[in-house]
Amino acid sequence: MIESELNGAIPRGIGIAPYLRIKQEGMTENESRIVEWFLTPGNLSHVSGIKEVAQSLGMSEAMIVKVSKILGFSGFRQLRSAIVEYFDHADHDITAELSPDDSPADLVNKVFNLTVRTIVEGQAIVDAEVIQQAARCFFTARQRELYGVGGSNSICTDVQHKFLKIGIRCSAYHDAHLMMMSASLLQPGDAALVVSHSGRTTDLKRVVAIAKDNGAKIICITHSSNSPIARLADFTICSPAPETPLLGRNASARILQLTLLDAFFVSVARQDIDLANKNLEKTSAITQYLKRDYK
């Protein structure tokens, strides 16, 4: 599987938070709780000792060291240094709770700050080479299908519209049973683009397994390359969005997924930019004609 994890390297600065979110998948409840504690502003400083951290979490020092190593660090001190560096450059306003004293401008600014931070963090860990290879696979596929449930389904519909405008035909389905029927008809040489924040939705996992068994290539956009659906994929594009008191994780994930899909769309169009532009002229002309017809 080709995946976006920076070839195993640990990022620094703004990239550390999304990196840790990717690593959280597959951890035990206690291990994941330690990561969440580390990512909470104000919990950790450059003078925090492992004994103090263990007491705050109600866990053993050995558990803190274990999690540090699972995350790829040599130990607690190296992890502490990376997280403190992240918060030194982070905009803490994005994690602020809503307040009764917030003005309309405060509310708008908090939402915009969250969006900017989500995209910047996602950009810090995105693997452009994975997107390029996945785009080539999608462009050359005989049949292309788009799979997503819940909020991810509307994202699939959005990208289907974009692809149609440049002459890349693909299908999106609003029912899991229809997705399974579609997946059962896929063959080698076909491709499925799957959007799932959790990467573990039961029906969607079954759809992907069917498509995979039939020889189709799987391109997955999900929060972690360690998620169950991602483990079935040939190409994984990670969207590890932050949990926030403002909009929750699903809303910020949608922002990042849409941005990553735009990058994927442009990469697919670039496979034959002349053809994409030619088809865009045709579909835009129809759109303009329809607008005049409805006036």
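Residues numbered from 1 in each chain as written. Predicted model: local features only at pLDDT ≥ 70, side-chain atom pairs only at ≥ 80, totals over all residues. Heavy atoms only, no water.

Quick word on the overall build of the protein chain
What counts is decided by this rule: Working definition: helices are DSSP H or I runs of at least four residues, strands are E runs of at least two. Numbering for both runs from the N terminus. Accessibility here uses a 1.4 Å probe with only protein chains present; expressed as a share of the type maximum, an area under 20% marks a residue as buried, one over 50% as exposed, and anything in between as partly exposed. Only heavy atoms matter for contacts: two residues are in contact if any of them lie within 4.5 Å across the pair. Methods summary: accessible areas were calculated by the Shrake-Rupley approach with a probe of 1.4 Å, and residue burial reflects only the protein chains presented.
Check the secondary structure of the protein chain and you find twelve helices and six strands. Counting every position in the protein chain, which comprises 295 residues, the buried fraction comes to 46%. For the protein chain, restricting intrachain contacts to residue pairs at least 6 apart in sequence, the fraction spanning at least 24 positions comes to 71%. Only carbon and sulfur atoms are counted for the fraction: they give 53% of the accessible area of the protein chain, which is about 14600 Å².

Some words on the nonpolar core
Rule in force here: Take the buried residues of types Ala, Val, Leu, Ile, Met, Phe, Trp, Tyr and Cys, join any two whose side-chain atoms come within 4.5 Å, and each joined set is a nonpolar core.
Residues Phe138, Leu146, Phe163, Leu261, Phe264 and Val268 are the most contacted members of the largest nonpolar core, which totals 32 residues. Listing elements by their share of this core, those giving two or more residues are helix 7 (128-140), helix 8 (151-165), strand 4 (191-195), strand 5 (217-222), strand 6 (235-238) and helix 11 (248-269).

Quick look at the packing of helix 1 (residues 16-24) against helix 5 (residues 76-89)
What describes two packed helices is the angle between their axes and the distance between those same axes. For the record, the criterion: Orientation is described by lines fitted to C-alpha atoms, with helices fitted over the stretch in contact, and by angles between N-to-C directions that extend from 0 to 180 degrees. An angle below 35 degrees is read as roughly parallel, one above 145 as roughly antiparallel, one from 65 to 115 as roughly perpendicular, and any other as oblique. Three classes are used: nonpolar for Ala, Val, Leu, Ile, Met, Phe, Trp, Tyr, Cys and Pro, charged for Asp, Glu, Lys and Arg, and polar for all others, with Gly counted as polar.
The interhelical angle for the contact between helix 1 and helix 5, taken along N-to-C directions, is 130°, at an axis separation of 9 Å. Considering their axes alone, helix 1 and helix 5 lie oblique with respect to each other. In this structure, helix 1 contributes Ile16, Ala17, Leu20 and Arg21 to the contact, and helix 5 contributes Ala82, Ile83 and Tyr86. The class makeup of the residues in the contact of helix 1 with helix 5 is six nonpolar, no polar and one charged.

Quick look at the side chain of Glu25
To keep things clear, this is the line we draw: As used in this structure description, the phrase polar contact means that two N or O atoms lie within 3.5 Å; if the pair is within protein, one of them must be able to donate a hydrogen and the other to accept it, and residues adjacent in sequence are counted only when both atoms belong to side chains.
Along the chain, the position of Glu25 falls in the loop between helix 1 and helix 2 (29-38). Among the polar contacts listed, one links the side chain of Glu25 to the side chain of Arg200, at a separation of 2.2 Å. Beyond its immediate chain neighbours, meaning those up to four positions away, Glu25 contacts Ser198, Arg200, His223, Ser224, Asn226, Ser227 and Pro228.

Let's talk about the confidence of the model for the protein chain
The line we're drawing: For every residue, the pLDDT score states the predictor's confidence, bounded by 0 at the bottom and 100 at the top.
Confidence along the protein chain averages 89 in pLDDT terms, with 89% of residues attaining 70 or more. Contacts of residues 1-7 to residues separated by more than four positions or lying in other chains number 28 contacts, the stretch itself having pLDDT below 50.

A few points about the packing of aromatic side chains
For any pair of aromatic rings, the description consists of the separation of the ring centres together with the inter-plane angle of the planes. Operational definition: In this analysis, rings of Phe, Tyr and Trp, with Trp reduced to its six-membered ring, are considered paired at centre separations within 6.5 Å, and the interplanar angle assigns stacked below 30 degrees, edge-to-face beyond 60, and tilted for intermediate values. The criterion is that NZ of a Lys, or CZ of an Arg, lies within 6 Å of the ring centre and within 35 degrees of the ring normal, and then a charge sits over that ring.
Taken as a whole and assessed by the stated rule, the structure comprises eight aromatic pairs. Note on Phe138 and Phe264: the rings are 5.5 Å apart at their centroids and 70° apart in plane angle, and the pair reads as edge-to-face. Linking Phe138 in helix 7 with Phe264 in helix 11, this pair joins segments that are 126 residues apart in sequence. Residue Phe138 shares its accessibility class with Phe264, and that shared class is buried. Ring pairing ties together the aromatic residues Phe138, Phe163, Phe264 and Phe265, which thus form one cluster. Its end group placed over the ring of Phe138, Arg144 keeps NZ or CZ at 5.9 Å from the ring centre.

Topic: the pairing of strand 5
How we decide: When DSSP finds at least two bridges between two strands, those strands are taken to pair. When the strands point away from the viewer and the connection leading from the first strand across the helix to the second strand turns clockwise, the crossover is called right-handed.
With five of its six residues buried, strand 5 lies for the most part within the structure. Bridge count between strand 4 and strand 5: five bridges; the pairing is parallel. By the bridge assignment, Val194 is partnered in strand 5 with Cys220. The handedness of the strand 4 to strand 5 crossover, carried by helix 10 (residues 202-213), is right-handed. Strand direction decides the pairing type here: strand 5 and strand 6, joined by four bridges, are parallel.

Topic: helix 1
Across the nine residues of helix 1, eight count as buried, placing the element largely inside the fold. Packed against the buried residues of helix 1 are helix 2, helix 5, helix 6 (104-125) and strand 6. Among the residues trailing helix 1, Gly26 stands out with phi positive, at a value near 95°.

Concerning the pairing of strand 4
In terms of residue burial, strand 4 counts as a mostly covered element, since five of its five residues are buried. A two-sided burial pattern is seen for strand 4, the buried positions comprising Ala191, Leu193 and Val195 on one face and Ala192 and Val194 on the other. Bridge analysis of strand 2 (residues 144-147) against strand 4 gives four bridges, and the strand direction is parallel. Residue pairing in the sheet places Leu146 in a bridge with Leu193 of strand 4.

Some remarks on the side chain of Asp190
Secondary-structure assignment places Asp190 in the loop between helix 9 (176-184) and strand 4. Reaching out from Asp190, the side chain makes a polar contact with the backbone nitrogen of Gln143 at a distance of 3.0 Å. A polar side-chain atom of Asp190 sits 2.7 Å from the main-chain amide nitrogen of Gln187.

Focus: the pattern of salt bridges
For clarity, the cut-off: Between Lys or Arg on one side and Asp or Glu on the other, a salt bridge is scored when a side-chain nitrogen of the former is within 4 Å of a carboxyl oxygen of the latter.
By the definition in use, this model includes nine salt bridges. Linking Glu31 and Lys66 is a salt bridge whose minimum nitrogen-to-oxygen distance equals 3.2 Å. With Glu31 in helix 2 and Lys66 in helix 4 (residues 61-70), the pair connects residues that are 35 residues apart, well separated along the chain. Glu31 sits in the buried class, given a relative accessible area of 7%.

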